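Summary of the model geometry
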Amino acid sequence: MTAVARRLRWRTTPGRVRGMAALAVIAAIVLGVITAAVSGSIAGGLQLIGHRSEPEVLASTDLYFRLNDMDAQVANVLLVGRQRGLGIDRQQAQAIYEQDRLQSDQDLQRAAAVAGSVRSVQRPLRSVLDGLGRYEALAGEAMYLDGQGARQPGRPPAAALVLYRQATDLLQDSILPSARRLTAANAADLDRAYLAKRSAARDGALRVALAGVALLAVLAGLQLYLAAAYRRRLSLPLAGAALIALVVATVSVTGLYAQAGHLRVAKSEAFDSIIALSQARAVSDDANADESRYLVDPARAERYQQAFESKSQQLAGLAGAGIFSYDAALNRAISAYHSNNADIGFGGYLGAEFRNITFTGERAAAVQTLAAYQVYERDDRHIRALNRSGNLSGAIAFDTSYAHGNSNWAFTRYDNALSALIAINQRAFSGAISAGQTGLSGWTGPIPAAAVILMIVLVLAGVRPRLAEYR
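Residues numbered from 1 in each chain as written. Predicted model: local features only at pLDDT ≥ 70, side-chain atom pairs only at ≥ 80, totals over all residues. Heavy atoms only, no water.

**Some points on the packing of aromatic side chains**
- Taken as a whole and assessed by the stated rule, the structure comprises nine aromatic pairs.
- Aromatic pair Phe271 and Phe429: ring centres 5.9 Å apart, planes at 50°, arrangement tilted. Note that Phe271 is positioned in helix α6 (residues 236-296) and Phe429 in helix α12 (residues 407-439), a separation of 158 residues in sequence.
- Centre to centre, the rings of Tyr337 and Phe354 are 5.0 Å apart; their planes meet at 90°, and the pair counts as edge-to-face. Within this pair, whereas Tyr337 is found in helix α8 (residues 326-339), its partner Phe354 is found in helix α9 (residues 348-354), the two being separated by 17 residues in sequence. Each member of the pair, Tyr337 as well as Phe354, carries the same accessibility label: buried.
- Pairwise contacts between aromatic rings join Phe308, Tyr326, Tyr373, Tyr376, Phe411 and Tyr414 into one cluster.
- Its guanidinium or amino end placed over the ring of Tyr294, Arg384 lies 4.5 Å from that ring's centre, counting from NZ or CZ. (Phe/Tyr/Trp six-rings, centres within 6.5 Å; stacked < 30°, edge-to-face > 60°. Helix = DSSP H or I, 4+ residues; strand = E, 2+ residues; numbered from the N terminus. Buried < 20%, exposed > 50% of the residue type's maximum accessible area, 1.4 Å probe, protein only. Lys NZ or Arg CZ within 6 Å of the ring centre and 35° of its normal.)

**Notes on helix α11 (residues 392-400)**
- For α11, the buried fraction is high: eight of the nine residues fall into the buried class.
- Turning to α11, its buried residues number three or more, namely Leu392, Gly394, Ala395, Ile396, Ala397, Phe398, Asp399 and Thr400.
- Residues of α11 that are buried sit in contact with α2 (13-80), α6, α10 (362-388) and α12. (Contact = heavy atoms within 4.5 Å.)

**A short note on the environment of Ser174**
- Relative to the assigned elements, Ser174 resides in helix α5 (residues 158-230).
- The spatial distance from the C-alpha of Ser174 to the C-alpha of Gly131 is 7.2 Å, given a sequence separation of 43 residues.
- Apart from the residues within four sequence positions on either side, Ser174 is in contact with Ser127 and Asp169.

**Considering the side chain of Ser235**
- Its place among the elements puts Ser235 in the loop between α5 and α6.
- A relative accessible area of 12% places Ser235 in the buried class.
- Ignoring sequence-local partners within four residues, the contact set of Ser235 consists of Gln223 and Gly462.

**Comments concerning the nonpolar core**
- Judged by nonpolar contacts, the single largest core of 136 residues is most densely connected at Leu67, Tyr135, Phe346, Tyr373 and Met455.
- Leave out the neighbours within four places in its chain, and Met455 touches Ala28, Leu31, Leu215, Ala241, Ile244 and Ala245. (Core = buried A, V, L, I, M, F, W, Y, C linked by side-chain atoms within 4.5 Å.)

**Focus on a positive patch on the surface**
- A grouping of Arg123, Arg126, Arg180 and Arg181 is seen on the molecular surface, where their side chains present a positively charged patch.
- Mapped onto the elements, Arg123 comes out in helix α4 (residues 119-146). (Patch = residues over 30% accessible without salt bridge, like charges linked within 9 Å, V, L, I, M, F, W, Y side chains within 5 Å. Areas by Shrake-Rupley, 256 points an atom, 1.4 Å probe, with all protein chains shown as cover. Salt bridge = Lys/Arg side-chain N within 4 Å of Asp/Glu carboxyl O. Lys, Arg positive; Asp, Glu negative; His and termini not counted. Charge placed at Lys NZ, Arg CZ, Asp CG, Glu CD.)

**Section: the environment of Arg378**
- Note on placement: Arg378 falls in helix α10.
- Considering only alpha carbons, one finds Arg378 and Ala410, 32 residues apart in sequence, at a separation of 9.7 Å.
- Ignoring sequence-local partners within four residues, the contact set of Arg378 consists of Asp327 and Asn331.

**Looking at the environment of Asn331**
- Residue placement: Asn331 occurs in helix α8.
- Along the chain, Asn331 and Phe398 lie 67 residues apart, while their C-alpha atoms are 23 Å from each other.
- If we skip the residues at most four places from it in the chain, Asn331 touches Gln374 and Arg378.

**A word on a nonpolar patch on the surface**
- A surface patch of nonpolar side chains, amounting to about 330 Å² of accessible area, comprises Leu243, Leu246, Val247 and Val251.
- Residue placement: Val247 occurs in helix α6.
- Judged by its relative accessible area of 43%, Val247 falls in the partly exposed class.

**Brief notes about the packing of α2 against α6**
- Contact geometry of α2 with α6 gives a least axis separation of 9 Å together with a crossing angle of 10°. Accordingly, the angle class assigned to the pair α2 and α6 is roughly parallel.
- Of the residues contributing to the contact of α2 with α6, the split by class is 25 nonpolar, ten polar and seven charged. (Axes fitted to C-alpha atoms, helices over the stretch in contact; angles between N-to-C directions. Parallel < 35°, antiparallel > 145°, perpendicular 65-115°, else oblique. Nonpolar A, V, L, I, M, F, W, Y, C, P; charged D, E, K, R; others polar.)

Quick look at the structure:
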């Protein structure tokens, strides 16, 4: 009987009006729910990427940098001994080592804060934590033994050198690979969040558009039916509901596509450069440490020279260039780039950045960074030439000095240029995340809810006078 009664009600004019009004109300609610749900999902993704995933990746990258710099400072302590006037002195190197140690502890604390919820991070984090304690013990003992007596610069006591070899081997073979895996795991989580939320923005825009079209179709049908059945030309309340539906759907769809664009800018255009340049900074510091290792440990000099060459290729890869042909190859690549910015003849982290230049001032900053890197690479060859000529003290002074024209001066200029280039992309990243969050303000609940309530009121206001005629 109930089903029959429903069919009979739909056969009457009031029944049809009530039924179409109910469909309009349901369609309005569906549009509001979809709009709020999709907007909330994207807002959550922006929050995750901008305020959790990105800081985690940068913390693990900074950890890699700090670990390398700690080892570089231990090598510098062993290089200069108690001698002054060779560039950096023992106290300065130890102070930098302590700063790096404290910062690496903070980076590890940040990584540990999320390790419980991210399984891929747990194993490399434990490996870093386990290895770092042993490394600090070995490094500390090496520096202690080195400070027990006077000796020639660049020739630490044999026992101190043995301990340093154990420390740097532990760092290179275990701790740093784990730190790289930690960075990779965090970066992979960010990639997954980005891909999921960008896809959600596009798919959500389609769902909102379909819901909006459905609501407009129902409202149009109701409007036409009232016009035909009651000989009314236009119901202003229904027209108002249709206008609100059109505005909500249009603004929401446009906004969701804009969010997809903000996500693309934040991830593909800004963060990809940030991670490449941050890794370049860490590898550069490791290469700088290889110069000190090369001088302090003659038995391993060839090994550390090859390590420096390998890291140079990671920074700006030049096919077929060895350490003593690298400068000429880099100069040719830079000249070709200046002639044609599309001709990027070098790879590595710097090559990745030059292929992803997007923002105002970024190209000039990248060119400045590459020029500073070129000067630093040339200075490396001077260190090796001094050492081969038997001028170890001169090589140590040139390697460790921050005075104008020396290697650490050139490295600092290069590192500062890298940091400035990272900052340009960091500002763009933060701006894209902020713009996305601002664009979604109110759309995660209040605006869709208010629109739905208003549309329901207008729909009821539009049909109530017609239904009243049947009372």
